[in-house]
Amino acid sequence: MRIDIITVLPEMLEGFVGTSILARAQKKGLVEIHVHNLRDYTTDKHRRVDDYPFGGFAGMVMQCQPIDACISALKAERDYDEIIFTTPDGEQFDQPMANTLSMAKNIIILCGHYKGIDYRIREHLITKEISIGDYVLTGGELAAAVIADAMVRLVPGVIGDEQSALSDSFQDNLLAAPVYTRPADYKGWKVPEILLSGHDAKIKEWELSQSLERTRRLRPDLLKE
Ligand code: 6GU
């Protein structure tokens, strides 16, 4: 999988892309993440990528030219499955969407900023608009990082234990069961007895009943679907 992220704040994504699971996935050759500075594509001599909106509205709007130039340059090199724009009025991101996107080969994520981007870009170049929740962020960079992280960890081989991505909360519309590690007794705080029993069938049964109980209590909306 290859992800190209287009942003006016590349430094905001560099730490994320170079760290932890994302870095390991890239070293293993499973994923390539490229961050592009939108300013490198403007023809403006002052490197500006935004301008005042027509109609006298407040705020600034990202211009067509640099976005079109950057996306065109990428599309000239390879075909893209999706060209995503991060925006609070997009379709809400969730686990099924992450699952679908994780099967893509090449994806562009354009990070929204300022008041918005020239709507013609959304009409002519963007194939999918995604929001990560009902709140407003100052920019789309954090949303792009969230989307990339959720997709990459589903690519086979990225996380060590294949089973662990499948047993995540939400993967089957249930919250995950609690987990524990040694010691079995910490300051008198005890691990549930059943987990120390070695009885696999009983442990599986316990895990499911915990999942159901936690989902019913914390996220009853998930059980209605
Ligand atoms: Cl994708 N962008 C911004 N700016 N704010 C958001 C968002 C995206 N998703 C939720 N809030």
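Draft legend 1. Molecular detail of the overall build of the protein. Counting its regular elements, the protein contains 9 helices and 10 strands. On C-alpha atoms alone, the protein measures out to a radius of gyration of 22 Å, which is more than a quarter above the 17 Å that the 2.2 N^0.38 rule sets for 225 residues. Taken along the three principal axes of its C-alpha coordinates, the protein extends 70 × 40 × 35 Å. Counting every atom, the protein has about 13,300 Å² of accessible surface; 54% of that belongs to carbon and sulfur. Distance between charge centroids for the protein: 4 Å, based on 26 positive and 34 negative side chains.

Draft legend 2. Layout of the site of the ligand. Taken together, Thr86, Thr87, Pro88, Ile130, Ser131, Ile132, Gly133, Tyr135, Leu137, Gly139 and Ala143 form the complete shell of residues around the ligand. Between a nitrogen atom of the ligand and a main-chain N or O atom of Ile132, the distance comes to 2.9 Å. Considered on its own, the ligand offers 290 Å² of accessible surface; in the complex 96% of this is hidden by protein. Within the residue set of the shell around the ligand, elements represented by two or more residues are β5 (82–92) and β8 (128–131). Considering every element that reaches the shell around the ligand, the biggest residue donor is β5, with 3 residues.

Draft legend 3. The arrangement of the pairing of strand β1 (residues 2–7) in detail. Counting buried positions over the 6 residues of β1 gives 6, a clear majority of the element. The side-chain alternation of β1 yields two buried faces, one formed by Arg2, Asp4 and Ile6 and the other by Ile3, Ile5 and Thr7. Bridge analysis of β1 against strand β2 (residues 32–37) gives 6 bridges, and the strand direction is parallel. Each bridged residue has a counterpart across the sheet, and for Arg2 the counterpart in β2 is Glu32.

Draft legend 4. Focus on the pairing of strand β6 (residues 106–111). With 6 of 6 residues buried, β6 lies mostly within the body of the structure. Residues of β6 alternate between two faces, with Asn106, Ile108 and Leu110 on one and Ile107, Ile109 and Cys111 on the opposite face, all of them buried. Pairing analysis gives 5 bridges linking β1 to β6, with the strands arranged parallel. Looking at the pairing, Ile6 lines up with Leu110 of β6. By the bridge criterion, 5 bridges tie β5 to β6 in an arrangement that is parallel. Each residue of the ladder has a partner; that of Ile84, found in β6, is Ile109. Note on the crossover from β5 through helix α4 (residues 95–101) to β6: the handedness is right-handed.

Draft legend 5. Quick look at the environment of Gly56. With respect to the helices and strands, the residue Gly56 is situated in the loop between β3 (50–51) and β4 (61–62). Along the sequence, Gly56 and Val35 sit 21 residues apart, while their C-alpha atoms lie 33 Å from each other.

Each value, and the rule that gives it
Every chain is numbered independently, its residues counted from 1 as its sequence is written. The model is predicted, so local features are restricted to residues of pLDDT at least 70 and side-chain atom pairs to those at 80 or more, both for listing and for counting; the totals for chains, interfaces and linings are taken over all residues. Excluding hydrogens and water, the side-chain values take into account all heavy atoms of the structure. Secondary structure counts use DSSP, requiring at least four H or I residues in a row for a helix and at least two E residues in a row for a strand, with both numbered from the N terminus. In this treatment the radius of gyration is a C-alpha quantity, and the globule benchmark scales as 2.2 Å times the residue count to the 0.38 power. Method for areas: the Shrake-Rupley scheme with a 1.4 Å probe, in which residue coverage is limited to the protein chains shown. His residues and chain termini do not enter the charge count, which takes Lys and Arg as positive and Asp and Glu as negative. Where a charge lies is defined by one atom per residue type: Lys uses NZ, Arg uses CZ, Asp uses CG and Glu uses CD. Here a residue counts as near a molecule or strand whenever at least one of its heavy atoms sits within 4 Å of it. By the criterion applied in these results, polar contacts are pairs of N or O atoms within 3.5 Å in which, for protein atoms, one can donate a hydrogen and the other can accept it, and in which residues neighboring in sequence qualify only through two side-chain atoms. Only protein chains enter the accessibility calculation, which uses a 1.4 Å probe; a residue whose area is less than 20% of its type maximum is buried, one above 50% is exposed, and one in between is partly exposed. Should DSSP find at least two bridges between two strands, the strands are taken to pair. When the strands point away from the viewer and the path from the first strand over the helix to the second turns clockwise, the crossover is right-handed.

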